[in-house]
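Tertiary structure, described
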Amino acid sequence: MAFKGKAVDSKTVLFNLLLCLLIFYSLFYMIGSVCFGAFRLDHFDGLIPFDFKTEPAESNSKYLVNLLSLELTYFCSGLLFAAVVRRRVWDYAFTVTILHVMITSLVMLEFPMVWQWWLALGSGLFLMICNGQLIAYFTCQSEQSYASFSIY
């Protein structure tokens with residue numbers, strides 16, 4: 001069975017990708033600042049989306065803030081990505097995550113090798129894809145051109 005979806009031009013895809021990146025990092029900083037305040041940390045770290053070097057421990061408040069911010073950002077981003085792209089949220093979520101890893105490596109001048117960070121990133125990506133695809137599916141269910149789950 002051939003796929004019978006509408007082709008989208010590259011300008012639209014690039015615009016949606018930039019919009020998704022803007023949403024992702026805006027949410028990351030907003031959620032990070034709320035978590036910093038909730039945990040009553042001394043100073044806000046501007047590198048919160050990129051920090052994988054913080055020692056992972058239950059007693060380390062900064063690590064817990066980074067972890068909570070990452071997971072909540074991924075959860076909320078999936079919901080907002082569905083509103084922006086309306087289909088193929090999984091593709092934009094995966095692309096934003098790959099770009100986030102590349103930007104993180106550039107900012108920290110080192111490739112992340114901490115397995116806890118990768119585990120958090122993978123579970124966050126899973127949350128983003130599941131939430132975003134479900135919201136996109138249920139909101140676009142009435143559209144004739146929306147692809148069903150059978151072709152995924």
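Figured I'd write up the structure that's included with this text. (Residues numbered from 1 in each chain as written. Predicted model: local features only at pLDDT ≥ 70, side-chain atom pairs only at ≥ 80, totals over all residues. Heavy atoms only, no water.)

1. Side note on empty space enclosed by the protein
- Under the defined criterion, the tally for this structure stands at one cavity of 30 Å³ or more.
- Taken as a whole, the largest cavity spans an internal volume of roughly 160 Å³.
- Taken together, 16 residues line the largest cavity, and the ones lying closest to its centre are Asp51, Phe52, Tyr63, Asn66 and Trp117.
- Elements that contribute at least two residues to the lining of the largest cavity include exactly helix H2 (61–85) and helix H4 (115–139).
- Element by element, the count of residues in the lining of the largest cavity is highest for H2, at four residues. (1 Å grid on protein atoms, 1.4 Å probe; cavity = no way out; pocket = protein on both sides within 12 Å on 5 of 7 lines; lining within 4 Å. Points joined across faces, edges and corners; volume = space filled by probe spheres on them. Helix = DSSP H or I, 4+ residues; strand = E, 2+ residues; numbered from the N terminus.)

2. A look at the nonpolar core
- Ranked by size, the top nonpolar core spans 32 residues in total, and within it Phe24, Tyr74, Phe81 and Val96 carry the most contacts.
- The set of elements that each furnish at least two residues to this core consists of helix H1 (10–38), H2, helix H3 (89–108) and H4.
- Broken down by element, this core gets its largest block of residues, 11 residues, from H1.
- If sequence neighbours within four positions are ignored, Tyr74 has contacts with Phe24, Thr97, His100, Leu121, Gly124, Leu125 and Met128. (Core = buried A, V, L, I, M, F, W, Y, C linked by side-chain atoms within 4.5 Å. Buried < 20%, exposed > 50% of the residue type's maximum accessible area, 1.4 Å probe, protein only. Contact = heavy atoms within 4.5 Å.)

3. Overview of unusual backbone geometry
- Even without being glycine, Arg40 reaches a positive phi, approximately 55 degrees.
- Mapping Arg40 onto the fold places it in the loop between H1 and H2.
- Although it is not a glycine, Leu109 adopts a positive phi angle of roughly 60 degrees.
- In this structure Leu109 comes out as exposed when scored by relative accessible area, which is 75%.

4. Focus: H4
- With 25 residues, H4 extends 36 Å between its outermost C-alpha atoms, agreeing within 8% with the 36 Å of an ideal straight helix rising 1.5 Å per residue.
- Among the residues of H4, those classed as buried are Trp117, Ala120, Leu121, Gly124, Leu125, Met128, Asn131, Gly132, Gln133, Ala136 and Tyr137. (Expected span 1.5 Å × (residues − 1).)

5. Considering the pattern of salt bridges
- The full count for this structure, using the stated rule, is two salt bridges.
- Put simply, Asp51 and Lys62 hold a salt bridge, and the shortest N to O gap is 3.4 Å. Residue Asp51 is found in the loop between H1 and H2, and its partner Lys62 is found in helix H2; the two are separated by 11 residues along the sequence.
- Owing to a relative accessible area of 11%, Asp51 belongs among the buried residues under this scheme.
- In this structure Lys62 comes out as partly exposed when scored by relative accessible area, which is 28%.
- Residue Lys53 pairs with Glu110 through a salt bridge whose shortest N-O separation is 3.1 Å. Of this pair, Lys53 sits in the loop between H1 and H2 while Glu110 sits in the loop between H3 and H4; the two residues are 57 residues apart in sequence, bridging distant segments of the chain. (Salt bridge = Lys/Arg side-chain N within 4 Å of Asp/Glu carboxyl O.)

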